[in-house]
Structure formats: structure tokens, C-alpha cells
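# Chains, contacts and geometry: an overview
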Amino acid sequence: MSSDLFKYNEEREAASAAKVRALEALLIEKGVLGSDSVDAVLQYFELTAGPFNGARVVARAWVDPAFKERLIADTPKAIAELELPQGMAGAEGEHMVAVANEPGVHNLIICTLCSCYPWPVLGLPPYWYKDPVFRARGVREPRAVLREFGVPIADETEVKVWDSSAQIRWFVVPERPANTEGFTEEELASLVTPESMMGVALVPAAAAKAA
Ligand code: FE
């Protein structure tokens, strides 16, 4: 599986950055934005709300089955037990619902309407999540889409596709990979990718740690 699949195209990045700089300069010049407003928002999504939170939630679920049960039953309430940065309760945190992959069941998260996404645990959605083709094909032929993402799903495994909305923002608790018995919670969290919490990737089996 190639993680390049999820990388942003450099030319696209440069073009977007130039547009954003021009727009920001214009909005500041017209007095619509303060010069520090954009930095504050960027900092929020860099330090407070992002996939590092989701990774900690998943790692806790892997080491504590009772927490995992509570997480599935009432996601915001269970997440509130963890000492995560402020912001988890706001910015769509109240609408989050976790679903767990398990043998025989694979979950895929999409938003057919636009790009609804659980910001507190995953941050902002990547550009391809908003792609109309991904959104349409994710519903029509999830197995084909997953195969293209490098996640072949066995015929006997059920694929559940969850459509995020303003009311519910789904995320996936991926399966804990093999060879992680001796891992600390922090080490486990470092294995969890945003894509694995969207269902478009698996957490790969870890190399066994030297005893
Ligand atoms: Fe949406």
C-alpha cells in the first residue's frame, strides 16, 4: 500500500497557497480579517483539533475494551474521559460517533452531500474527501474504491458505508495490528493514521519490538 495516494499534489498545493495568500491580504486590507485571525485558526487545527486526538482515542480503545464499548455507545461522553485538548467538545465534537472495524466488518466514512467530518478527532478533511467522484463511488461501489486505495476487502466481509452529515460525524476505530502486544498506548497511537480512521486504509502490522 502506498501512502503517496494520500499526498497532496505539489503544484496544486502551491496554487492553493498563492490563492489563499491573495485572499487573506485582500480581506486584511478591507478590514474583514485581523492580521492574526488566520494564524489563530491554523494553530487550532495544528495543535488542538486533529488526527493526533483520534489516534489517542483509538489507542485507548485498543488497550481498554470497556472504554471501547463506551466509545461506541456514547462517543462524546467516552472521549470526555480522556485528557484531550480543549476544543474536543466544540467544533462538531458533540456530533461524533465511532464505529469499529472487526473481523467480518469494514467501515468506510464519506459525506455524500459535501465534506462533513469529525474535526476534533481528525482535523480538517483532505481535498479528495470532497471530490464528487469519491463521494458518489464510495456509496455505489465501496469495494472497488477500497481496492484502489490498497484495501482489498474479502467477499465474506461486510462493508458498511457511513454518510456523515451535520447531525452525525462518523469515524472508524481500525483493528489493532498484529505484533503490538508489548506496545505502550503512546506507541500504539503513533501507528494510527487519519486514513485508517476514515476506513480508506488499514493500520499495517507493526514490526515486532525487540524484547
Ligand atoms: Fe457534509
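Model, not experiment: these values are computed from the prediction. (Residues numbered from 1 in each chain as written. Predicted model: local features only at pLDDT ≥ 70, side-chain atom pairs only at ≥ 80, totals over all residues. Heavy atoms only, no water.)

### Observations concerning the coordination of the iron ion
Put simply, the rule is: Each metal site is built from N, O and S donor atoms within 2.8 Å (3.2 Å for Na, K and Ca), and since water is not included, such sites may look incomplete. Whether a residue is buried, partly exposed or exposed follows from its accessible area with a 1.4 Å probe, protein chains only, as a fraction of its type maximum: under 20%, in between, or over 50%, in that order.
Distances from the iron ion to its protein donors, namely Cys111 (SG), Cys114 (SG), Cys116 (N) and Cys116 (SG), fall within the range 2.1 to 2.6 Å. Judged by its relative accessible area of 0%, Cys111 falls in the buried class.

### Some thoughts on the side chain of Asn101
Selection criterion: By definition, any uninterrupted DSSP run of H or I lasting at least four residues is a helix, any uninterrupted run of E lasting at least two residues is a strand, and each is numbered from the N terminus. The definition of a polar contact used here is a pair of N or O atoms within 3.5 Å, where within protein one atom must be able to donate a hydrogen and the other to accept one, and adjacent residues in sequence count solely through side-chain atom pairs. Every residue pair with non-hydrogen atoms within 4.5 Å of one another is taken to be in contact.
Along the polypeptide, Asn101 turns up in the loop between β1 (96-100) and β2 (105-110). Looking at Asn101, its side chain comes within polar contact range of the main-chain nitrogen of Asn107, at 2.8 Å. Excluding its chain neighbours within four sequence positions, the residues that come into contact with Asn101 are His106, Asn107, Val172, Val173, Pro174 and Glu175.

### Notes on the pairing of β1
Each regular strand shows side chains that alternate between the opposite faces of the sheet. In plain terms, the rule: We treat two strands as partners when DSSP finds at least two bridges between them.
Counted residue by residue, β1 has 4 buried out of 5 residues, so it is predominantly covered. As judged from the 5 bridges shared by β1 and strand β4 (residues 169-173), these two strands associate in the parallel manner. By the bridge assignment for β4, Ala100 is matched with Val173.

### What to know about the environment of Ala205
Residue placement: Ala205 occurs in the segment after α9 (185-189). Considering only alpha carbons, one finds Ala205 and Val58, 147 residues apart in sequence, at a separation of 15 Å. The contacts of Ala205, once residues within four sequence positions are left out, are Pro177 and Ala178.

### With respect to the domain arrangement of the chain
Worth spelling out the cut-off: Start and end points for every domain follow an automatic or database-based domain assignment. Once two parts are put together, the accessible area they lose, assessed with a 1.4 Å probe and summed over both, is termed the buried area. For salt bridges, the criterion is a side-chain nitrogen of Lys or Arg within 4 Å of an Asp or Glu carboxyl oxygen.
According to the domain assignment, the chain consists of domain 1 (1-47) and domain 2 (50-211). The gap between the C-alpha centroids of domain 1 and domain 2 is 25 Å. Across the domain 1/domain 2 interface, buried area totals approximately 1,200 Å², and carbon plus sulfur atoms make up 69% of it. Our enumeration of links across domain 1 and domain 2 arrives at 0 salt bridges. Where domain 1 touches domain 2, the interface holds 0 residue pairs in polar contact (both at pLDDT 80 or more). Sorting elements by how many residues they give to the side of domain 1 that touches domain 2 places helix α2 (residues 37-48) first, with 4 residues.

### A word on the pattern of salt bridges
In the structure shown here, the tally under the stated rule is 4 salt bridges. The partner of Glu141 in a salt bridge is Arg137, and the shortest N-O contact between them spans 2.5 Å. Each of Arg137, Glu141 and Glu148 takes part in salt bridges that share partners, so that together they form one network.

### Some remarks on the side chain of Arg135
This is how it is decided: Positive residues here are Lys and Arg, negative ones are Asp and Glu, while His and the chain termini are left out of the count.
Its location among the elements puts Arg135 in helix α7 (residues 132-140). Asp131 provides the closest opposite charge to the buried, unpaired Arg135, separated from it by 7.0 Å. Polar contacts involving the side chain of Arg135 include one to the main-chain carbonyl oxygen of Leu113, which spans 3.1 Å.

### Details of helix α1 (residues 10-29)
Every α-helix carries 3.6 residues per turn, so stepping three or four residues along brings you back to the same face. Under the convention used in this document: In this scheme, a helix's expected span is set at 1.5 Å multiplied by one less than its residue total.
For α1, with 20 residues, the first-to-last C-alpha span of 28 Å sits near the 28 Å given by 1.5 Å per residue. Just past α1, the residue Gly31 takes up positive phi, approximately 80°.

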